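# Architecture and fold: a report
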Amino acid sequence: MNPRALAIFPALALALAGAATPAHAAQAKLVRCGAADCLLVTGQRADPAAAVTVNDHPVAVAGGRRWKAKITVATVRAWSEPHARSIAVAVAGAVAETPLPTGMLGHPKDLAMLVVRAR
């Protein structure tokens, strides 16, 4: 194969990876907020005044282009389907699915024993 053609592949892969990720992609993680647990949702937006919604509910955000919002776990549970694995975060009408922390909306189970083995 032509060496010049091979040099195009890394650039093409980077371009496609960038196209697959929305400009407003958000991240979510669990944090403590007072006596409750909250979901901290963070992201970026081109317009600091653009509205942010989570599962079609408007949320108050702090920050400008880099924004963050704290939502109680109880509220996220009320806004989501049972056992949901992601939330729909919309910035200025463009929606992206944001993964939730593993097991966040699952039902807790009491474990009698947990076995961990090192290899």
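Here the structure is shown first, and the text comes after it.
Residues numbered from 1 in each chain as written. Predicted model: local features only at pLDDT ≥ 70, side-chain atom pairs only at ≥ 80, totals over all residues. Heavy atoms only, no water.

## Concerning the sheet that holds strand S7 (residues 86–91)
Selection rule: Should DSSP find at least two bridges between two strands, the strands are taken to pair. Strands here mean DSSP runs of E at least two residues long; helices mean DSSP runs of H or I at least four residues long; both are numbered from the N terminus.
The sheet built from four strands is open, its strands ordered S4-S3-S7-S8 with antiparallel pairing. The strands lining the two open edges of the sheet, one partner per strand, are strand S4 (57–58) and strand S8 (94–99). Sheet analysis places strand S3 (residues 52–54) next to S4, joined by two bridges and oriented antiparallel. Within S4, the position partnered with Thr 53 by the bridge is Pro 58.

## Focus: the sheet that holds strand S1 (residues 27–33)
If you walk across this open sheet you meet the four strands as S1-S2-S6-S5, and the pairing is antiparallel. For this open sheet the edge positions go to S1 and strand S5 (62–63), each flanked by a neighbour on one side alone. As paired elements, strand S2 (residues 36–44) and strand S6 (residues 66–72) share seven bridges and run antiparallel to each other. Each bridged residue has a counterpart across the sheet, and for Cys 38 the counterpart in S6 is Thr 72.

## Structural notes on unusual backbone geometry
Operational definition: Partly exposed residues are those whose accessible area sits between 20% and 50% of the maximum for their type, while under 20% is buried and over 50% is exposed, using a 1.4 Å probe and protein chains only.
Here His 83, not a glycine, exhibits a phi torsion of approximately 60°, which is positive. The topology assignment puts His 83 in the loop between helix H2 (73–79) and S7. Using a relative accessible area of 45% as the deciding quantity, one classes His 83 as partly exposed. Positive phi values are uncommon outside glycine, yet Ala 92 reaches one of about 55°. Along the chain, Ala 92 turns up in the loop between S7 and S8.

## Brief notes about the nonpolar core
What counts here: What is meant by a nonpolar core is a set of buried Ala, Val, Leu, Ile, Met, Phe, Trp, Tyr and Cys residues, joined one to another through side-chain atoms within 4.5 Å.
Leu 39, Val 41, Trp 67, Ile 87, Val 89 and Met 104 are the most contacted members of the largest nonpolar core, which has 20 residues in total. Residue assignment for this core shows that the elements contributing at least two residues are S2, S3, S6, H2 and S7.

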